[in-house]
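# A closer look at the structure
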Amino acid sequence: MMLKDNNNEAKKALIIGGGAAGFFAAVNLARMRPDLQVILVEKTGKLLSKVKVSGGGRCNVTHACFEIGELVKRYPRGASLLKKTLHQFNPTHTIEWFKERGVALKAEADGRMFPVTNQSQTIIDCLLKEADDYQVKTLMHREVVSLKQVTDGSWKVLFKSGEEVEAAVVCVACGGFSKREQFYWLDELGLPIETPVPSLFTFNLPEHPIVALMGVSVSQAKVKIVGTKIETEGPLLVTHWGLSGPAVLKASAWGARILAEKQWQFQANVNWIGDYNEQTCYDYLQELRSSLNTQKIYGKNPFGIPNRLWDFFLQQCGISDSLKWADLPAKSQRKLCMMLTNQEFQVKGKTTFKEEFVTAGGVELSAIDSNSMESKKWKGLFFAGEIMDVDGVTGGFNFQHAWTSGWIAARHMSLI
């Protein structure tokens, strides 16, 4: 059955997906073209659910990186598209957009940007108010099962419920799908799809003794995926299942496809004291053997790492808690340096990083006009957000792509 509305005469624009990209496309389009009836449909019963949980409930809106050449380096997939799209709408525009609506953003030391309220609800309320002000119509529990263009160029969208709606333009902004078969209704349009694989996940280390240190973190570690060119650095966190934190999440993003092919069974090496290599670490310990010769090695952490981690490494190297620096055997010293700067971990599986869950994959960028977000094959069909084969590392980059693509799609949809 055809959905009824209060204004059958108005042209309709349909946005599929009630997340960040879909909402941003909807509210901007409604503002640009108040004569259009903008309808936003959401498969679930929740709007902006990822916005709600992002950044530990604070919403990492964007990143304070204002040079486009540097910004695109944070996207393992999609950099070529983003080099063009970010000229139209970038972090500066994002900050200004929210500021104009009474929401101030702040940058933290690592560049992540949050609302000054530290509450994701601030961003949600802003977007909901915008939708209300410009009369965006939202329909919940509407799962799309078919999308077809009819003879006059408009689009007929069929939902699982049996309802259908006809719209002059459509924007697909339903986020990433975890399984290839979920793209079936886009396959019917002949759109090329890159098979999705998980991105931004943590490394599982079943039964490894280091998991006993859950909660311990270091501020600057280096992670290398053995057998690849992937090397990342940043904070690293020990969890009850293995390793997490930005350094690991970045490695998982850059290695998403490679690690999927390996079925998430691989070797990762960690340098816990990122400024040192094995030799410079050895040399520094040699100095300590002279300057601290009568002191016990336990209780003296020379690298600024957590003491629990330092003591763990000493235990793993068989260094007794009564040993003094002057008596440290060369073999134990070499083993300690190796563990500090190049510890080997056999990763067996992954755990989804729930707050930042994204997939690598989606509609291939070769099928999308980077200037407008419109399908090259189908006039009046646009895309925004993670449904495209674009994904960034953790830190606000995926949201920035959502705002950017949503705004561009809205701008060009408004030209109908």
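Look a little higher up for the structure.
To start, this report covers the structure provided alongside it. Keep in mind that this is a model prediction, so the values were computed, not measured.

A count of helical and extended segments in the protein chain gives 13 helices and 20 strands. In the protein chain, once contacts between residues fewer than 6 apart in sequence are set aside, the share between residues at least 24 apart is 73%. Summed over all atoms, the accessible surface of the protein chain reaches about 18200 Å², with 49% contributed by carbon and sulfur. Within the protein chain, the 43 negative side-chain charges are centred at a point lying 2 Å from the centre of the 48 positive side-chain charges.

Looking now at the packing of aromatic side chains. The final tally for this structure, using the stated rule, is 21 aromatic pairs. Taken together, a centroid distance of 6.4 Å and an interplanar angle of 25° make the contact between Trp310 and Trp325 stacked. Highlighted residues: Trp310 in helix H11 (residues 307-316) and Trp325 in the loop between H11 and helix H12 (330-342), separated in sequence by 15 residues. Note on accessibility: Trp310 and Trp325 belong to one class, buried. Residues Phe399 and Trp403 carry aromatic rings whose centres are separated by 5.7 Å and whose planes lie at 15° to one another, so their mutual orientation is stacked. Taken together, the residues span about one helical turn, with Phe399 and Trp403 both in helix H13 (residues 397-413) at a distance of 4 residues.

This part is about helix H8 (residues 246-254). Residue pairs spaced three or four apart in an α-helix point in one direction, given the helix's 3.6 residues per turn. Within the span of H8, buried status applies to Ala247, Val248, Leu249, Ala251, Ser252 and Ala253. Lining the buried residues of H8 we find strand E11 (193-199), strand E12 (201-204), strand E13 (217-225), strand E14 (231-238), strand E15 (242-244) and helix H9 (256-261).

To continue, consider the packing of helix H10 (residues 278-291) against H12. Here H10 crosses H12 at 130°, and the two axes come no closer than 9 Å. With respect to each other, H10 and H12 are oriented oblique. Judged by the sense of rotation from one axis to the other, the crossing of H10 with H12 is right-handed. Between H10, through Glu278, Gln279, Cys281, Tyr282, Leu285, Gln286 and Arg289, and H12, the contact on the second element is made entirely by Ala330, Gln333, Arg334, Leu336, Cys337, Met338, Leu340 and Thr341.

Moving on, we get to the pairing of strand E1 (residues 12-16). Among the 5 residues of E1, 5 are classified as buried, and the element is accordingly described as predominantly covered. Side chains of E1 alternate between two faces, with Lys12, Leu14 and Ile16 and Ala13 and Ile15 buried alike. Crossover handedness for the path E1 to helix H1 (residues 20-32) to strand E2 (residues 37-41): right-handed. Alignment of E1 against strand E10 (residues 169-172), held across 4 bridges, turns out to be parallel. Among the inter-strand pairings, Ile16 is bridged to a residue of E10, identified as Val172.

Looking now at the nonpolar core. In terms of nonpolar packing, the biggest core is built from 89 residues, with Leu147, Val170, Val172 and Leu186 touching the most fellow members. Excluding anything up to four places from it in sequence, Val172 contacts Ile16, Leu147, Trp185, Leu186, Leu381, Phe382, Phe383, Ala384 and Ile387. By size, the runner-up hydrophobic cluster in this structure holds 49 residues, among which are Leu236, Val270, Cys281 and Ile319.

Procedures and definitions
Residues numbered from 1 in each chain as written. Predicted model: local features only at pLDDT ≥ 70, side-chain atom pairs only at ≥ 80, totals over all residues. Heavy atoms only, no water. Helix = DSSP H or I, 4+ residues; strand = E, 2+ residues; numbered from the N terminus. Contact = heavy atoms within 4.5 Å. Areas by Shrake-Rupley, 256 points an atom, 1.4 Å probe, with all protein chains shown as cover. Lys, Arg positive; Asp, Glu negative; His and termini not counted. Charge placed at Lys NZ, Arg CZ, Asp CG, Glu CD. Phe/Tyr/Trp six-rings, centres within 6.5 Å; stacked < 30°, edge-to-face > 60°. Buried < 20%, exposed > 50% of the residue type's maximum accessible area, 1.4 Å probe, protein only. Axes fitted to C-alpha atoms, helices over the stretch in contact; angles between N-to-C directions. Parallel < 35°, antiparallel > 145°, perpendicular 65-115°, else oblique. Left-handed = near helix turned anticlockwise from the far one by under 90°. Right-handed = clockwise from strand over helix to strand, strands pointing away. Pairing = 2+ DSSP bridges. Core = buried A, V, L, I, M, F, W, Y, C linked by side-chain atoms within 4.5 Å.

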